[in-house]
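Fold and contact review
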Amino acid sequence: MKEPRIGRLLAVILGLIAVVAPIAAATVTISPDTIQENTPITVSVKGLPDESTFMIRVEASIPLDSSGKYSLSTNNLQMPFALTGGQIDIRAENVKTANFSARMGGRAVTIFGDAEDGIVTINQPGDIPQGLITYITLEGSGAEGAGAVTSSMDLSGKKVGPTDADVTFTVNGFGSGNVNVKVYVDGSLVATVPASAPTPTTVPGGSSSGGETTTTPAADETLTVSSLNGQAV
């Protein structure tokens, strides 16, 4: 009669050990230390379990050109794992307008936003597939009297795929401004490349309301949303 009790006691003890045992944390590193236009950026991820919330944030200060326009683009983003329940969040300050566009595989999305108090926020939900995101671009007009636009692009979701992998991409359009890349896992900042003055290079030249949506065949789907309040979900 005592053996079953001992067995149950051992099961409880082992269960408690499993609960309190520390779980190995994911490690993330970003290179290079200095970000320049069109220079490949590598985010190396190790030990990241499935269902972890993973987010890359690209922050930038973007000088306006002579016509008061700005443009920032993240290009050739190679995602080695998928992000389910994902979302792209855009925020731009000191702006009059902000236009967001992205292409993932055969699907392209464009959203137009007008600023409120100099700020535009755009939120585009949806699963982010494993593979190539050709571009994520933010462009528009600066607010009157502004010398530069500050912006952030967040790409996030629940990770599904390889435990160890490299995310690679480039950024351009910030000219003589600066860029800061950060990575968050389960809401905690785990890696960052500080903003730094780049070497200038020449680069070739919410719920949507009242919007208009157009689509083309699934092989090359294009979604265009015109948002009056600068927000889209």
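Overview of the structure.

Conventions and cut-offs
- Residues numbered from 1 in each chain as written.
- Predicted model: local features only at pLDDT ≥ 70, side-chain atom pairs only at ≥ 80, totals over all residues.
- Heavy atoms only, no water.
- Helix = DSSP H or I, 4+ residues; strand = E, 2+ residues; numbered from the N terminus.
- Buried < 20%, exposed > 50% of the residue type's maximum accessible area, 1.4 Å probe, protein only.
- Core = buried A, V, L, I, M, F, W, Y, C linked by side-chain atoms within 4.5 Å.
- Contact = heavy atoms within 4.5 Å.
- 1 Å grid on protein atoms, 1.4 Å probe; cavity = no way out; pocket = protein on both sides within 12 Å on 5 of 7 lines; lining within 4 Å.
- Points joined across faces, edges and corners; volume = space filled by probe spheres on them.
- Pairing = 2+ DSSP bridges.
- Phe/Tyr/Trp six-rings, centres within 6.5 Å; stacked < 30°, edge-to-face > 60°.
- Salt bridge = Lys/Arg side-chain N within 4 Å of Asp/Glu carboxyl O.
- Polar contact = N/O pair within 3.5 Å; in protein donor to acceptor, adjacent residues only side chain to side chain.

Quick look at the overall build of the protein now. Along the backbone of the protein there are one helix and 14 strands. Residues classed as buried in the protein amount to 39% of the 233 residues present.

Phe54, Tyr70, Phe100, Ile136, Leu155 and Phe169 are the most contacted members of the largest nonpolar core, which totals 49 residues. Discounting residues that sit within four places of it in the chain, Phe100 has contacts with Ile88, Ile90, Val109, Thr110, Ile111, Ile122, Gln124, Ile136 and Thr137.

Turning to unusual backbone geometry, a few remarks are in order. Ser31 connects to Pro32 through a cis peptide bond whose omega is 0°. Structurally, the position occupied by Pro32 is in the loop between strand E1 (27-31) and strand E2 (41-46). Its identity is not glycine, yet Asn76 carries a phi of approximately 50°, on the positive side. In this structure, Asn76 sits in strand E4 (residues 69-79). Even without glycine at this site, Asp117 takes up a positive phi of about 55°.

Attention shifts here to empty space enclosed by the protein. Estimates place the volume of the largest cavity at around 80 Å³. Taken together, Ile56, Val58, Thr74, Leu77, Ile136, Met153, Asp154, Leu155 and Phe169 make up the lining of the largest cavity. Elements represented by at least two residues in the lining of the largest cavity include exactly strand E3 (53-63), E4 and strand E10 (148-160). The element contributing the most residues to the lining of the largest cavity is E10, with three residues.

Before going further, it helps to spend a moment on the pairing of E4. Pairing geometry for E4 and strand E9 (residues 131-141), over ten bridges, is antiparallel. Residue Thr74 lies in a different strand from E9, and its bridge partner there is Ile136. Where E4 meets strand E11 (residues 165-172), four bridges bridge the pair, whose relative direction is antiparallel. The residue bridging Asn75 from the neighbouring strand is Thr170, located in E11.

A word on the packing of aromatic side chains. Under the criterion given, the structure shown has one aromatic pair. For the ring pair Phe54 and Phe81, a centre distance of 5.2 Å and an interplane angle of 85° mean the geometry is edge-to-face. One end of the pair, Phe54, is in strand E3; the other, Phe81, is in the loop between E4 and strand E5 (82-93), and 27 residues separate them in sequence. Judged by its relative accessible area of 1%, Phe54 is buried.

In total, this model carries five salt bridges according to the counting rule given. Put simply, Glu59 and Lys182 hold a salt bridge, and the shortest N to O gap is 3.6 Å. Here Lys182 lies in strand E12 (residues 178-185) and Glu59 lies in strand E3, a separation of 123 residues in the sequence. Classification of Glu59 by relative accessible area gives partly exposed; the value is 22%. By sharing partners, the salt bridges in this structure join Arg57, Glu59, Asp154 and Lys182 into a single network.

Mapped onto the fold, Pro49 is located in the loop between E2 and E3. Expressed as a C-alpha distance, the spacing of Pro49 and Pro162, which sit 113 residues apart in the sequence, is 8.3 Å.

A separate point is the pairing of E11. Summarising burial for E11: six of the eight residues are buried, a large majority. Where E2 meets E11, five bridges bridge the pair, whose relative direction is antiparallel. Bridge assignment links Ile41 to a residue of E11, and that residue is Phe169.

Here the focus is the environment of Ile90. Within the secondary structure, Ile90 is located in strand E5. If sequence neighbours within four positions are ignored, Ile90 has contacts with Phe100, Val120, Thr121, Ile122, Leu138, Ser152 and Met153.

With that settled, consider the side chain of Ser52. Along the polypeptide, Ser52 turns up in the loop between E2 and E3. Using a relative accessible area of 5% as the deciding quantity, one classes Ser52 as buried. Within the structure, Ser52 has its side chain in polar contact with the backbone oxygen of Pro49 (distance 2.8 Å). Look past the residues within four positions of Ser52 in its chain and what remains in contact with it is Gly157, Lys158, Lys159, Val185 and Asp186.

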